[in-house]
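Listed below are the residues making up each chain.
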Amino acid sequence: MTLCRIISLPIAIITLVLSTASLADNQRRIDVDSKVITQHKAKINGQRFGYTVATGTQPVWDDKGDAIATLQYTYYTRDKVDDRTTRPLLISFNGGPGSASVWMHLAYTGPRVLKIDDEGYPIQPYGVKDNPYSVLDIADIVYVNPVNTGYSRVLENEKGELLSKAKQKELFFGVNADIKYLAEWLNTFVNRAERWRSPKFLIGESYGTTRVSGLAHELQNSQWMYINGVVLVSPTDIGIKRDGPIKAANRLPYFAATAWYHKALKADLQAKDLDELLPEVELFTVNELIPALAKGGFINADEKRRIITKMAHYAGLSEKFVEQNNLDIPTQFFWKELLRERGQTLGRLDSRYLGMDKRGAGESPDYWAELTSWLHSFTPAINYYLREELNYKTDVKYNLFGNVHPWDRKGNNTGENLRLAMAQNPYLNVMIQSGYFDGATNYFDAKYTLWQLDPSGKMRERLSFKGYRSGHMMYLRHADLESSNNDLRNFIKNALPKEGQAAKY
């Protein structure tokens, strides 16, 4: 049965509801194929305009054409756009794996963002506010929740049975399975939205960068859908190896940035601006630390002492601590050690956030201060926003973190596939955005990934990096919300080909 009704909202929004659910169905299940449409107004980047939001679900089909899952999405379009063939479509994913799209949706690119303070800390009463920096002025945006995140779910068959756990893993919960079914789903979405002619951009955060790197290639080679840009926010390694001395050394610039933020450096370094300090630490990392670590236990004693002294100086740690760790300091040790004397620990995803442990001793924090802070704001905000502003109502639980494990990480060639997609498609550009205080996917690892993405250097003019004075979700800091959206806006504009420009070398 299809339900179609008009709803009067307190703010006089007229809402059209389309649903396949039966009024008699009182089971706690998400609608397989549904859409709720609401109308809104915004002032973004100095422009006042109306926009439409479609919040709904769309099936994932198997090879027989049967619906085996449904994905929940939120789709924003600017009103009064006469020609969408030249208007970009930004397709947004978060990561985890197992994380909903809520993070970038309600804190970065969407027209409504969390009610938080200027540094990203929660404020009560919880809720949302206007985002004057959203890229909705120049691009339509769809936020997609993969299976088991948000309201997206695996579906029962006609017998009321779910797929086996093994089958679910095979179809949904792995690097390549995830990419394959999402590419198919996007084909359907683009068909329904009539956006085949629009320039398209993928943006992913954290594990979402693995996802969109693989999707760029999968969409081109299996769906024949060509992408204009890929944005990697706080990227994973996307299958590009950085083990051994590289892995150990690449942490140091992040250590230095964090120590600088907490005023834990010696006066000579603390007096420098971060933009002056980090290039100095990066040069030391590449030119001296990596070669020193490569020598292992056979490094010359004098060279080892010199490296220990400089590492300790840049990281805000004691020489004894650096020496005890053989120049290879695990990040969890750093989060516990840097401010140990102050009785504070550091956040993992954003080391500006502080925690306090039961014991001052130990090798890692008791909890992640940043994540507990964020969940204060995001959980009530997304549940309120979807139900009360977008009028999408269901008793199904919104999963900020869904059950997708064990995740199959085998065969992760997403970085190489992104390079290949760029080589095949002269229109395709890539930008990385990273926060300097992110200890989970640190910014220097991101730079290294960018350097290694195309070893030939032939496409380097289509690769760019932007850094911010915040953490994993750099947009939570108000100043970076503005600058990161502006960087994204400029990237999208610059990646659009000039009129008549052909896709050729």
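Here goes a summary of the coordinates provided. Everything numeric here is computed off the predicted structure, so don't read it as measured data. (Residues numbered from 1 in each chain as written. Predicted model: local features only at pLDDT ≥ 70, side-chain atom pairs only at ≥ 80, totals over all residues. Heavy atoms only, no water.)

**Description of the overall build of the protein**
Secondary structure assignment for the protein yields 15 helices and 16 strands. In terms of its C-alpha atoms, the protein occupies a principal-axis envelope of roughly 80 × 55 × 50 Å. For the protein, restricting intrachain contacts to residue pairs at least 6 apart in sequence, the fraction spanning at least 24 positions comes to 68%. (Helix = DSSP H or I, 4+ residues; strand = E, 2+ residues; numbered from the N terminus. Contact = heavy atoms within 4.5 Å.)

**A closer look at the pattern of salt bridges**
A complete count under the given rule lists 29 salt bridges for this structure. Here Arg192 and Asp33 are joined by a salt bridge, their closest N and O atoms 3.0 Å apart. Here Asp33 lies in the loop between β2 (14–19) and β3 (34–44) and Arg192 lies in helix α3 (residues 175–193), a separation of 159 residues in the sequence. Exposure remark for Asp33: the relative accessible area of 24% places this residue in the partly exposed category. Across the pair Asp408 and Lys410 runs a salt bridge whose closest N-O atoms are separated by 3.0 Å. Residue class for Asp408 comes out partly exposed when judged on its relative accessible area of 25%. Through salt bridges with shared partners, one network takes in Glu119, Asp350, Arg352, Arg477 and Asp480. (Salt bridge = Lys/Arg side-chain N within 4 Å of Asp/Glu carboxyl O. Buried < 20%, exposed > 50% of the residue type's maximum accessible area, 1.4 Å probe, protein only.)

**Some details on the side chain of Gln72**
Here Gln72 shows up in strand β5 (residues 67–78). Within the structure, Gln72 has its side chain in polar contact with the side chain of Asn145 (distance 2.6 Å). Leaving out residues up to four positions away in the same chain, Gln72 has contacts with Thr55, Gly56, Thr57, Tyr143, Val144, Asn145, Gly150, Tyr151, Ser152, Leu386 and Tyr398. (Polar contact = N/O pair within 3.5 Å; in protein donor to acceptor, adjacent residues only side chain to side chain.)

**Some details on α3**
In this model, α3 (19 residues) spans 27 Å end to end at C-alpha, consistent with the 27 Å of a helix rising 1.5 Å per residue. Just downstream of α3 lies Glu194, where phi reads positive at about 55 degrees. (Expected span 1.5 Å × (residues − 1).)

**Let's talk about the pairing of β3**
Residues Ser34, Val36, Thr38, His40, Ala42 and Ile44 of β3 are buried on one face, while the alternating residues Lys35, Ile37, Gln39, Lys41 and Lys43, pointing to the opposite face, are not. For β3 and strand β4 (residues 47–61), the ladder comprises eleven bridges, and the chain directions are antiparallel. Its bridge partner being in β4, Lys43 is matched across the sheet by Arg48. (Pairing = 2+ DSSP bridges.)

**Quick look at the side chain of Ser213**
In this structure, Ser213 sits in helix α4 (residues 207–222). Among the polar contacts made by the side chain of Ser213, one reaches the main-chain carbonyl oxygen of Thr209 at a distance of 2.7 Å.

**Examining the packing of α4 against helix α13 (residues 414–424)**
How two helices sit against one another is set out by the angle between their axes and by the gap between those axes. The geometry of α4 relative to α13 is characterised by a closest axis approach of 8 Å and an angle of 45 degrees between their N-to-C directions. When the interaxial angle is binned, α4 and α13 end up oblique. In the crossing of α4 with α13, the sense of the turn from one axis to the other is left-handed. Note on element contacts: α13 touches α4 through Thr414, Asn417, Leu418, Leu420, Ala421 and Gln424, opposite Thr210, Ser213, Gly214, Ala216, His217, Gln220 and Asn221. Here the residues of the contact of α4 with α13 sort into four nonpolar, nine polar and no charged. (Axes fitted to C-alpha atoms, helices over the stretch in contact; angles between N-to-C directions. Parallel < 35°, antiparallel > 145°, perpendicular 65-115°, else oblique. Left-handed = near helix turned anticlockwise from the far one by under 90°. Nonpolar A, V, L, I, M, F, W, Y, C, P; charged D, E, K, R; others polar.)

**A look at the pairing of strand β9 (residues 140–144)**
Here β9 lies mainly inside the structure; five of its five residues are buried. Neither face of β9 is open: one carries Asp140, Val142 and Val144, the other Ile141 and Tyr143, and all of them are buried. Bridging between β5 and β9 involves four bridges; their strand directions are antiparallel. Looking at the pairing, Tyr73 lines up with Val144 of β9. Sheet topology note: the strand β6 (residues 89–93)/β9 ladder contains four bridges and is parallel. What sits directly across from Ser92, in β9, is Tyr143.

**As for the environment of Met474**
As for its placement among the helices and strands, Met474 is situated in the loop between β16 (463–468) and α15 (478–495). For Met474, a relative accessible area of 0% translates into the label buried. The spatial distance from the C-alpha of Met474 to the C-alpha of Leu349 is 9.9 Å, given a sequence separation of 125 residues. With near-sequence residues (within four places) excluded, Met474 lies in contact with Tyr108, Val233, Gln433, Gly435, Tyr468, Asp480, Leu481 and Ser484.

**As for unusual backbone geometry**
Looking along the chain, the bond that leaves Gly96 and enters Pro97 is cis, with omega of -10 degrees. Here Pro97 lies in the loop between β6 and α1 (102–105). Each neighbour pair has its own omega, and for Gln124 with Pro125 the value is -5 degrees, a cis peptide bond. Counting through the fold element by element, Pro125 comes out in the loop between β7 (112–114) and β8 (128–130). One non-glycine residue, Asn45, lies in the positive phi region at around 55 degrees. With respect to the helices and strands, Asn45 occurs in the loop between β3 and β4. Taking relative accessible area as the criterion, Asn45 reaches 38% and is therefore assigned partly exposed.

**Topic: the environment of Ala502**
Looking at where Ala502 falls in the secondary structure, it is placed in the segment after α15. Residues Ala502 and Pro426 lie 76 residues apart in sequence; the distance between their C-alpha atoms is 8.8 Å.

**Quick look at the environment of Gln124**
Checked against the element boundaries, Gln124 lands in the loop between β7 and β8. Placed 185 residues apart in sequence, Gln124 and Thr309 show a C-alpha to C-alpha distance of 46 Å.

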